[in-house]
Structures are given as structure tokens and as C-alpha cells.
Amino acid sequence: MARSDYPHLLTIPTRWNDNDVYGHVNNVEYIGYFDTVINRWLITEGGLDIHDGEVIGLCAESHCTYRAGLTFPEDVEAGLRVGDLGSSSVRYEIGLFPAGSDEPAAEGWFVHVFVDAGTRRPTPIPPPLRECLERLVVSR
């Protein structure tokens, strides 16, 4: 997918310690970038309270396809969209682009199940979070 296929983009700077001995950002960091763009959106746009909220999102599944390497000191532009929005779960689709590029270095998905913070049982997505997620839903 192209950058324009994602309704939200977040610039994430790579860090010195993201690179591995092979001279590129290590694969484990890519899922961290996924987590960053998702949770930043939920906190800033949906009001998710990660410390004292009654609802939290737990990762149920994630996947990443690597297409090209990223390296420090590049900025990564993380594209975010919602592919499926259920009553208590959401499947995000993410593209990681070298700054200014239309070709993704990686693409993937990430599934959150929203649960009661105390019981860890699935719960409906609260209205403010649902509203911010609906803004990212794309038709196929």
C-alpha cells in the first residue's frame, strides 16, 4: 500500500540502539513502532487512560512483513488505518515508510481486544475510543 492509503501518519525517529550488528533496525523494533502509532492515536485522539482507565487494549495478534531495511538516523513514518472494527476488538493495518518514501519498508497488522482493566475479560469498546477508531476505517 502507499502512504496515501493510510488516514493517519506519525513520524517516529529511529534511535541509535535500534540498529543491530547488521547495520539496520532490528526486526523486534518494527512491532514497537506498530505499538507506538496505535497507542499514541488511542491516547491523543480517543482519550485512552493507560494508567487509571477501566478499559485497556491487549494485543491478541500481530504480523509484520519486512520489505526493506530501516536505519538510524532515519525517521520512520508510520501509517495507520483500521481494517476491521468489532464490538470489543480492532484490527489495525500499519505501514512503515522511510521518511518521504511512498514504498513501505514494512507492512503488517495488529489486533487489540479491549478488556476490563480489572477482570481482563473482553468488554465493548467505549464510545470515545470507537469514535476515534471509526475515523481510521477504510473500505476495501
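Our subject is the structure that appears above.
Residues numbered from 1 in each chain as written. Predicted model: local features only at pLDDT ≥ 70, side-chain atom pairs only at ≥ 80, totals over all residues. Heavy atoms only, no water.

A. How the structure looks around the overall build of the protein chain. In terms of helices and strands, the protein chain carries 2 helices and 5 strands. Along the protein chain, from the amino end to the carboxyl end, the secondary structure elements read β-α-β-β-β-β-α. Oriented by its inertia axes, the alpha-carbon framework of the protein chain measures out at about 45 × 30 × 25 Å. The buried share of the protein chain, reckoned over its 140 residues, is 41%. Carbon together with sulfur atoms contributes 50% to the accessible area of the protein chain, which is approximately 7400 Å² in total. Computing the positive centroid from 11 side-chain charges and the negative centroid from 21, the protein chain places the two 4 Å apart. (Helix = DSSP H or I, 4+ residues; strand = E, 2+ residues; numbered from the N terminus. Buried < 20%, exposed > 50% of the residue type's maximum accessible area, 1.4 Å probe, protein only. Areas by Shrake-Rupley, 256 points an atom, 1.4 Å probe, with all protein chains shown as cover. Lys, Arg positive; Asp, Glu negative; His and termini not counted. Charge placed at Lys NZ, Arg CZ, Asp CG, Glu CD.)

B. Quick peek at the packing of helix α1 (residues 27-46) against helix α2 (residues 127-134). Running from N to C, α1 and α2 point in directions that differ by 115°, and their axes come no closer than 9 Å. Between α1 and α2 lies a crossing of right-handed hand. Here α1 contributes W41, L42, E45 and G46 to the contact with α2, which in turn contributes P128, L129, C132 and L133. A per-class count over the contact of α1 with α2 returns 6 nonpolar, 1 polar and 1 charged. (Axes fitted to C-alpha atoms, helices over the stretch in contact; angles between N-to-C directions. Left-handed = near helix turned anticlockwise from the far one by under 90°. Contact = heavy atoms within 4.5 Å. Nonpolar A, V, L, I, M, F, W, Y, C, P; charged D, E, K, R; others polar.)

C. Spotlight on the environment of W109. Locating W109 in the fold gives a position in strand β5 (residues 106-116). C-alpha separation for the pair W109 and S62, spaced 47 residues apart in sequence, amounts to 5.6 Å. Reaching out from W109, the side chain makes a polar contact with the side chain of E61 at a distance of 3.4 Å. (Polar contact = N/O pair within 3.5 Å; in protein donor to acceptor, adjacent residues only side chain to side chain.)

D. Looking closely at the pattern of salt bridges. If you walk through the whole model with that rule in mind, you get 7 salt bridges. Across the salt bridge formed by R3 and E77, the nearest N and O atoms sit 1.9 Å from each other. Taken together, the residues R3 in the segment before β1 (8-13) and E77 in strand β3 (residues 75-85) connect sequence positions 74 residues apart. Since its relative accessible area comes to 22%, R3 is described here as partly exposed. One salt bridge connects E107 with R67, and the closest N-O pair in it is separated by 2.8 Å. Here E107 is found in strand β5, whereas its partner R67 is found in the loop between β2 (55-66) and β3, with 40 residues between them in sequence. Owing to a relative accessible area of 12%, E107 belongs among the buried residues under this scheme. (Salt bridge = Lys/Arg side-chain N within 4 Å of Asp/Glu carboxyl O.)

E. Quick look at the environment of E45. One can find E45 in helix α1. Residue E45 is classed as partly exposed on the basis of its relative accessible area of 37%. Each C-alpha atom, one on E45 and one on P104, is 25 Å from the other, the two residues being 59 residues apart in sequence. In this structure the side chain of E45 is engaged in a polar contact, spanning 2.6 Å, whose partner is the side chain of R135.

F. Representation of unusual backbone geometry within the structure. Across the junction of F72 and P73, the peptide omega takes the value 10°, indicating a cis bond. Relative to the elements of secondary structure, P73 occurs in the loop between β2 and β3. The phi angle at R120 is positive, at roughly 65°, despite the residue not being glycine. Its location among the elements puts R120 in the loop between β5 and α2. Look at R120 and you get partly exposed, because its relative accessible area is 46%.

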